[in-house]
Amino acid sequence: MTTYTKDNDQLYRYLFKDRAVRGEWVRLNQTFNDTLNTHHYPQAVRNLLGEMMVATSLLTATLKFNGDITVQIQGDGPLKLALVNGNDQQQIRALARLQGDIDNGMTLHQMIGKGVLVITIAPKEGERYQGIVPLDKPTISECLEDYFVRSEQLQTQLIIRSGEYDGKPVAAGVLLQIVPDGSGSPDDFEHLATLTATIKDEEIFGLSAEELLYRLYHEETVELFAPQSVTFHCGCSQERSGAALLLISEEEIDHILAEHQGTIDMQCECCGTHYFFNKETIEKLKAGSQA
């Protein structure tokens, strides 16, 4: 039986005491595996979703807000949609929709065609915010680095890797960012970014947080904070599926019931759970919505 390396599915924050630079590191194993569990995406799509999940986790921690964040790519290529939804509790879900064949060797732009990356932040209190990130760089990491520089005016380094380790899907990433209070030195950031860029797959996928930070920054004074767990969480339910069903006209519902022996099977795209509705349960839903 495969055993996961220590510190999987944990988000760590750390601070360079003498440099006014902060960092985050996250590695998703079980969370990533649970997300892919009911899907058979091509390897290139799996890797992209892993990268987006890591990016969402790191973004959520950086923004420090209570609410939901959605990171989605929409394009006209064989990959029509790639979407990751997360929240301040580090609960994440993801899905992809394909409209053509995707080879494992395809680049980001070959999969997406013409498209954009949209970041939507929906705080529990306050206004909803949406940012559109041009996909004019070769990787998601580079596009998001550019987003931080333009929208936050903060020097940011983002390194994300996705693939397999010890026979299991894995995605991990490091975010390095100058502290936003203005006390950080660009030279300090560049020095630490150079060290961070030396990270190897076996290190980001296989080491614990303390081992990784020592390997990269053994001459620096680094304060490592307590981690936050990251989990797969879909949030679907019979009630939500029923509410979606009521958006369909009565004629169409009757037609679907007749075609499927009196039962409508609604399957969640994210987790694969099936919710079943017959004429009686649908009538109860209608009565409840009108009450």
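Residues numbered from 1 in each chain as written. Predicted model: local features only at pLDDT ≥ 70, side-chain atom pairs only at ≥ 80, totals over all residues. Heavy atoms only, no water.

Q: Just to check I follow, could you spell out the packing of helix H2 (residues 43-63) against helix H4 (residues 140-152) for this structure?
A: Between two packed helices, what matters for the description is the angle formed by their axes and the separation of those axes. In the contact formed by H2 and H4, the axes pass within 10 Å of each other and the chain directions differ by 25 degrees. Between H2 and H4, the angle falls in the class roughly parallel. In the packing of H2 onto H4, the handedness of the crossing is right-handed. Residue-level contacts link Leu-48, Glu-51, Ala-55, Leu-59 and Thr-62 of H2 to Ile-140, Leu-144 and Phe-148 of H4. (Axes fitted to C-alpha atoms, helices over the stretch in contact; angles between N-to-C directions. Helix = DSSP H or I, 4+ residues; strand = E, 2+ residues; numbered from the N terminus. Parallel < 35°, antiparallel > 145°, perpendicular 65-115°, else oblique. Left-handed = near helix turned anticlockwise from the far one by under 90°. Contact = heavy atoms within 4.5 Å.)

Q: Got a minute to help me understand the pairing of strand E7 (residues 129-134) in this structure?
A: Two faces make up the sheet, and in a regular strand the side chains alternate between them. Pairing between strand E6 (residues 115-123) and E7: six bridges, direction antiparallel. Looking at the pairing, Val-118 lines up with Ile-132 of E7. The turn linking E6 back onto E7 is made up of five residues, and Gly-126 within it adopts a positive phi angle of 105 degrees. (Pairing = 2+ DSSP bridges.)

Q: Got a minute to help me understand the environment of Leu-257 in this structure?
A: Checked against the element boundaries, Leu-257 lands in helix H9 (residues 250-259). Through-space distance from the C-alpha of Leu-257 to that of Phe-225 is 54 Å; in sequence the pair is 32 residues apart. In this structure, Leu-257 is in contact with Gly-262, Thr-263, Ile-264, Phe-277, Asn-278, Lys-279 and Ile-282, ignoring residues within four places of it in sequence.

Q: Got a minute to help me understand the pattern of salt bridges in this structure?
A: Between side chains of opposite charge, a pair can form when the charged atoms approach closely. Applying the stated criterion across every chain yields a total of 10 salt bridges. The partner of Glu-283 in a salt bridge is Lys-286, with the nearest N and O atoms 3.7 Å apart. In this pair, Glu-283 and Lys-286 both sit in helix H10 (residues 279-290), three residues apart, roughly one turn of the helix. When its relative accessible area of 14% is taken as the criterion, Lys-286 is described as buried. A cluster of three or more residues bridged by salt bridges with shared partners is formed by Glu-250, Asp-254, Lys-279, Glu-283 and Lys-286. (Salt bridge = Lys/Arg side-chain N within 4 Å of Asp/Glu carboxyl O. Buried < 20%, exposed > 50% of the residue type's maximum accessible area, 1.4 Å probe, protein only.)

Q: Is there a simple way to explain the environment of Asp-101 in this structure?
A: One can find Asp-101 in the loop between strand E5 (91-98) and helix H3 (108-112). You can call Asp-101 exposed: its relative accessible area is 71%. Sequence separation between Asp-101 and Pro-42 is 59 residues; the distance between their C-alpha atoms is 8.8 Å. Excluding residues within four positions of it along the chain, Asp-101 makes contact with Pro-78 and Met-106.

Q: Would you mind showing me how to read the nonpolar core here?
A: Of all hydrophobic cores here, the largest spans 53 residues; its most connected members are Leu-48, Ile-73, Leu-117 and Ile-119. By residue number, the principal contributor to this core is H2, which donates 11 residues. The residue makeup of this core includes at least three contributed by each of domain 1 (10-232) and domain 2 (238-290). Formed by 24 residues, the second largest nonpolar core is a distinct cluster that contains Leu-154, Phe-189, Leu-207 and Tyr-217. (Core = buried A, V, L, I, M, F, W, Y, C linked by side-chain atoms within 4.5 Å. Domains from an automatic or database assignment.)

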